[in-house]
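# Examining the three-dimensional arrangement
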Amino acid sequence: MNTEAGMQESDLAIVILAAGKGTRLKSRRPKVLHEIGGKPLLSYVLAAASRVVAPKHIYVVVGHQAERVRDAVKSTGVQFIEQAEQHGTGHAIQCAAQAVKGYENILVLSGDVPLIQSGTIEKLWAFHHKREASMTILTAEPPDPTGYGRIVRASSNVVQAIVEEKDLRPDQRKIPEINSGIYAFRTAPLLEHINSLSPKNAQSELYLTDMARLLEQSSGHKVLAFPADNAAEVLGANTLAELAVLDQTLRAATAERLMAEGVTIFRPDTCVIDAEVEVAPDTVIEPFVQLLGKTKIGGDCLVRSYSVLENCTLGDEVQVMQHCVMVETVVHRGAIIGPFARLRQGTELGENVHIGNFVETKKAVLGKGAKANHLSYLGDTEIGDGSNIGAGSITCNYDGVNKMRTIIGKRVFVGSDSTLVAPITIEDGAYIGAGSCITKDVPAGSLAVGRARQVTKEGWADARRERQKQTNNGAKR
Ligand code: UD1
Ligand code: MG
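The structure contained in this document is the topic of the report that follows. (Residues numbered from 1 in each chain as written. Chains lettered and ligands numbered in written order. Predicted model: local features only at pLDDT ≥ 70, side-chain atom pairs only at ≥ 80, totals over all residues. Heavy atoms only, no water.)

Once that is clear, we can look at the overall build of the chain. Within the chain, the regular secondary structure consists of eight helices and 39 strands. The globule rule puts the C-alpha radius of gyration for 477 residues at 23 Å, and the 32 Å found for the chain is more than 25% above it. Summarising its shape, the C-alpha atoms of the chain cover approximately 110 × 65 × 45 Å along the three principal directions. Here the chain holds 477 residues, and the buried ones make up 48% of them. With the model as given, the accessible surface of the chain reaches about 22800 Å², and the carbon-plus-sulfur share is 50%. Between the centroid of the 53 positive side chains of the chain and the centroid of its 54 negative side chains there is a distance of 8 Å. (Helix = DSSP H or I, 4+ residues; strand = E, 2+ residues; numbered from the N terminus. Rg over C-alpha atoms; globule rule 2.2 N^0.38 Å. Buried < 20%, exposed > 50% of the residue type's maximum accessible area, 1.4 Å probe, protein only. Areas by Shrake-Rupley, 256 points an atom, 1.4 Å probe, with all protein chains shown as cover. Lys, Arg positive; Asp, Glu negative; His and termini not counted. Charge placed at Lys NZ, Arg CZ, Asp CG, Glu CD.)

As structure tokens, this is what we get:
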């Protein structure tokens, strides 16, 4: 909370409006759970709010698919208010009245305005408090004000009314200043007038925006506008096109943050980098890379084009070649992966491991310097330091019912095209002959070969060709 304002904790609550359906998105998913930067809209608003007040003073108004919205954010410890039927933003505040009446002031944030920064909320709050306003509206002048409520000013800072886009008179269409949907209120006058809202408007809803006119008209109340420094922070997400713009803005900011921290990103506009991704200096990210979720990448790494990493942790000096798909994978220093590798959840690669093309791993832990360079499936397995898995080798981990483990010791050599039928253990230093199907444990230092013995019949092929030639000549005659 802004200490300059000298307020007590109980003086301020934040109400976040998140009950709406999001009709314009034409989606089954509630609007505030649509994502930008890999996270739901509401989670950004909550993060900004909880930098201003403690979670117990944050009240989220839920209604449309309330359970789903609640489940998505309840771990933050915030409070919820039910707005069972959604009759507009003013009605949402009517539903919140009982819960917030004990606070001297409330800030109202919109669950669909996700780029708002806590610093801006604090500035709005400080301005509102210092100027002793009854209502202060955070406003902005974006390049295109279409769709937003417009601010009708009486004099310099004093607001006469907010007029919704659908209710604008032709002469009001030119007004460049929009309502961000973010406000500070003194609670007493807000709650005193909140039941006077009327649904006589284009959408037959109770508009919270009408509080500007109601308070302005009742004596002794100041309604002020506080312009945001950066209009991009207060843009709303009402359509998929607007969501795409916000997503792009956020990702550009994430890429800029990483570049400022010493990460080289070629063509950042082609990369999809989620908001929480971390990358250490001197790492190079090539075009068309996706870094998703909580992916964390060390320094001096290279992530080449078309690779997608989701919730992965990479140490320093790791190289991910082109076209790798990696999910929930941990990679230690110096490993080289791909091109065209698929590393699934539970994979852990030790230092200097090499995973080559068309290798799939799942719950596979490979020790230092182990290698699987071509065409393998390694699932539910542990592979010791320095072991080499030949091209085309497969851990047969599934019998149609259960998944079973393959344990491979250190410095084991698995010849190409071998199948290891789990559960099975290949002890340290063992050799598996190429093309083997191994079904029994192999002791340390031994050779196991599980394939038909080779038979060579000298001259057989030449004799066959000769026989065919004679048969063909006979047929022609
Ligand atoms: C609102 C403002 C508009 C402003 C814009 C800024 C009103 C009437 N209009 O319009 O002046 O320019 O935000 O983005 O307030 N909600 C509820 N309960 C409801 C209805 C909505 O909780 O009954 C929630 C929605 O989930 C959303 C927020 O309130 O998070 C705003 O509602 P929305 O329908 O998006 O309003 P806008 O048309 O964008
Ligand atoms: Mg909106």
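Back to the text.
Moving on, we come to the coordination of the magnesium ion (ligand 2). Protein coordination at the magnesium ion (ligand 2): the donors are Asp112 (OD) and Asn238 (OD1), at 2.1 to 2.3 Å from the metal. With a gap of 126 residues between them, Asp112 in the loop between strand S6 (105-110) and helix H4 (118-130) and Asn238 in the loop between strand S11 (223-227) and helix H7 (240-260) connect regions that are remote in the sequence. When sorted by exposure, Asp112 lands in the same class as Asn238, which is buried. (Donors = N, O, S within 2.8 Å, 3.2 Å for Na, K, Ca; no water.)

The next thing to look at is the pairing of strand S30 (residues 377-383). Here S30 lies mainly inside the structure; six of its seven residues are buried. The pairing of S30 with strand S33 (residues 406-408) spans three bridges and is parallel. Following the sheet pairing, Thr381 is matched in S33 by Thr406. (Pairing = 2+ DSSP bridges.)

So, on to the sheet that holds strand S39 (residues 447-448). Strand order in the open sheet formed by 11 strands is S12-S15-S18-S21-S24-S27-S29-S31-S34-S37-S39, and the pairing between neighbours is parallel. Pairing within the sheet leaves two strands with one partner each, and these edge strands are strand S12 (264-265) and S39.

Here Glu164 shows up in the loop between strand S9 (159-163) and strand S10 (178-186). The spacing of Glu164 and Arg150 is 14 residues in sequence and 6.3 Å in space, taken between C-alpha atoms. Filtering out sequence-adjacent residues up to four positions away, Glu164 remains in contact with Gly149, Tyr207 and Thr209. (Contact = heavy atoms within 4.5 Å.)

With that out of the way, let us pick up the pairing of strand S5 (residues 79-82). Pairing analysis gives four bridges linking strand S4 (residues 58-62) to S5, with the strands arranged parallel. Considered in S5, the bridge of Val60 is made with Phe80. On the question of chirality, the crossover connecting S4 to the parallel S5 by way of helix H2 (residues 66-73) is right-handed. (Right-handed = clockwise from strand over helix to strand, strands pointing away.)

Turning our attention to the packing of aromatic side chains. All chains considered together, the criterion is met by six aromatic pairs. A ring pair is formed by Tyr183 and Phe185, whose centres lie 5.6 Å apart and whose planes are at 35 degrees; its orientation type is tilted. Under the relative-accessibility criterion, Tyr183 is labelled buried at 4%. An angle of 25 degrees between the planes, with centres 5.0 Å apart, marks the rings of Phe413 and Tyr431 as stacked. On the criterion of sequence distance, the pair formed by Phe413 in strand S34 (residues 413-414) and Tyr431 in strand S37 (residues 431-432) is long-range, its members being 18 residues apart. (Phe/Tyr/Trp six-rings, centres within 6.5 Å; stacked < 30°, edge-to-face > 60°.)

Now for the site of ligand 1. Near ligand 1 you find 25 residues, and of these Gln83, Gly88, Thr89, Glu164 and Asn179 are the closest. Within the contact set of ligand 1, an oxygen atom lies 2.8 Å away from a side-chain nitrogen or oxygen of Lys31. Gly88 places a main-chain nitrogen or oxygen 2.8 Å from an oxygen atom of ligand 1. Within the complex, 92% of the 750 Å² of free accessible area of ligand 1 lies under protein. When residues of the shell around ligand 1 are assigned to their parent elements, the largest contribution, three residues, is made by S10. For the shell around ligand 1, a count of residues per class yields seven nonpolar, 14 polar and four charged. (Near = heavy atom within 4 Å. Polar contact = N/O pair within 3.5 Å; in protein donor to acceptor, adjacent residues only side chain to side chain. Nonpolar A, V, L, I, M, F, W, Y, C, P; charged D, E, K, R; others polar.)

Going through the model one piece at a time under the given rule, you end up with 24 salt bridges. Put simply, Glu177 and Arg153 hold a salt bridge, and the shortest N to O gap is 2.7 Å. In this pair, Glu177 sits in the loop between S9 and S10 while Arg153 sits in strand S8 (residues 150-153), placing the two residues 24 residues apart along the sequence. When its relative accessible area of 28% is taken as the criterion, Arg153 is described as partly exposed. Lys362 is the salt-bridge partner of Asp380, the closest N and O atoms lying 3.0 Å from each other. Remark: Lys362 occurs in strand S28 (residues 360-366) and Asp380 occurs in strand S30; sequence separation between them is 18 residues. Judged by its relative accessible area of 6%, Lys362 falls in the buried class. Residues joined in a network through salt bridges with shared partners are Lys39, Glu276 and Lys294. (Salt bridge = Lys/Arg side-chain N within 4 Å of Asp/Glu carboxyl O.)

With respect to the helices and strands, the residue His193 is situated in helix H5 (residues 187-193). The residues contacting His193, other than those within four sequence positions of it, are Met211, Leu214, Leu215, Ser218 and His221.

Met326, Ile337 and Ile426 are the most contacted members of the largest nonpolar core, which has 48 residues in total. Among the secondary structure elements, those contributing two or more residues to this core are H7, S28, S30 and strand S36 (424-426). Ignoring anything within four residues of it in the chain, the contact list for Met326 reads Val308, Leu309, Glu310, Cys312, Leu314, Val320, Val331, Ile337 and Leu343. One finds Leu109, Ile182, Ala184 and Phe226 within the second-largest nonpolar core, a separate group that totals 40 residues. (Core = buried A, V, L, I, M, F, W, Y, C linked by side-chain atoms within 4.5 Å.)

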